[in-house]
Each structure stands twice: as structure tokens, then as C-alpha cells.
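Residue-level structure breakdown
Spelled out from the first residue to the last, the chains are:
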Amino acid sequence: MSASDLQAAALTAYQKGDFATAAARFEEAASAFRAEGDRAMAAEMMNNLGVAHRAAKNYSAALPALETALAEFRALDDKPRTAQALGNLGSALLETGDLKRAADALNDSLALLDPQKDKVARSEVLRVLGEVRLKQGRFVDGMMDYEAGLRDVEKPSAQQRWLKKLLQKPLRMMGRK
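Read on for an overview of the structure. (Residues numbered from 1 in each chain as written. Predicted model: local features only at pLDDT ≥ 70, side-chain atom pairs only at ≥ 80, totals over all residues. Heavy atoms only, no water.)

At a closest axis distance of 8 Å, the pairing of helix 5 (residues 79-96) and helix 6 (residues 99-112) adopts a crossing angle of 155°. In this view, helix 5 runs roughly antiparallel relative to helix 6, as classed from their interaxial angle. Judged by the sense of rotation from one axis to the other, the crossing of helix 5 with helix 6 is left-handed. Every residue of helix 6 that contacts helix 5 at Lys79, Thr82, Ala83, Leu86, Gly87, Leu89, Gly90, Ser91, Leu93 and Leu94 is listed here: Leu99, Arg101, Ala102, Ala105, Leu106, Asp108, Ser109 and Leu112. Among the residues forming the contact of helix 5 with helix 6, the class breakdown is 10 nonpolar, 5 polar and 3 charged. (Axes fitted to C-alpha atoms, helices over the stretch in contact; angles between N-to-C directions. Helix = DSSP H or I, 4+ residues; strand = E, 2+ residues; numbered from the N terminus. Parallel < 35°, antiparallel > 145°, perpendicular 65-115°, else oblique. Left-handed = near helix turned anticlockwise from the far one by under 90°. Contact = heavy atoms within 4.5 Å. Nonpolar A, V, L, I, M, F, W, Y, C, P; charged D, E, K, R; others polar.)

See the structure below:
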């Protein structure tokens, strides 16, 4: 199977919720792209491998895959993919309870994302950062980050609209909005 075929098979398995198969195919795709000399795509597959492991709650495998992808994207000076990998790493670190490192990764991701061009990605990162802040006991910061993340959601769900309204009132009362 070619690297592209392995990537397609991995994506199909991931979309079906078969995270173990997706992880195996992403790992094979990373090796295949590496063998072809395509460092960027090999790193992309490692990033996806980390996401698949995170979805399966296998954090001990997710973190090294995401850190490998991040190091490669930084070496390639690929800012958009570096930001994405930092966001994924921050999400995984949140789930493991490593809140300091999660906040650092998410803030680094935000620093690389353009507020005008990367609204969707910034929205996701801000909402995860809001969760981190809440778990750190930084309630006002958490509410502000989460509400800022909700502001850029193009088609918010009913729950997101409700949360946005819920957060606006206390932030206004505190003079933060």
C-alpha cells in the first residue's frame, strides 16, 4: 500500500470510530512518507496518530506521537501545523491532568494562529484553554477564554448558544465584558 493509501485507510477507520486500526494505519503511513522523504506528511501522520490514540484514551501513546510531530513541524518551520500540533498536545495534556503544560501548549498555539484567518482553530483552542483555566481554579480567566472561543463559532449548537448567554452575564457583572 502507498503512503497515501495508508493515510486514506487511517482516516476512514478514524471516521468509523475504529481508533486502534486508525492508529496502526497512521503509524504505517508515517513510516511510508518518511521512506519517500516527505518529512511534513510523515509529521502530519504522527500528529494524526496522536489524535487517534487520544480518542482511544491511550495517552501514554498519544503524547509521544504528538511531541514527535510538534518537533518535526518546528524543525520545518511550519507554523500552521505547529499550531495544530500544539492544540492537540494541549488537549491531550488537559485529559491527563497536566494543566500547566496544557496551558503552555495552548497559549503557544494561540500565539501562532491569526485571529482573522484562523478563527475556527482559535475558537477550539480558546475553549480548551478555558477548560484548563477552570480546572486550575482560575474561574474568571476560564470563563473569559471559553466565552471568547464561543464567539467565533460560526454555527453554534444549541448548547453552545446557551453557554455563551450563560457566560456573558457574570462576565458583564464583573466588568469583564
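Having seen the model, we can carry on.
In this section: the pattern of salt bridges. Scanning the entire structure with this criterion turns up 12 salt bridges. Here Lys79 ties to Asp77 by a salt bridge, and the two come within 3.1 Å at their closest N and O atoms. Using a relative accessible area of 42% as the deciding quantity, one classes Lys79 as partly exposed. A residue is classified by how much of its surface remains accessible, and Asp77, at 55% relative accessible area, is exposed. Where Lys100 meets Asp104, a salt bridge forms, and the shortest distance between an N and an O atom there is 2.8 Å. Of this pair, Lys100 and Asp104 both sit in helix 6, 4 residues apart, roughly one helical turn. (Salt bridge = Lys/Arg side-chain N within 4 Å of Asp/Glu carboxyl O. Buried < 20%, exposed > 50% of the residue type's maximum accessible area, 1.4 Å probe, protein only.)

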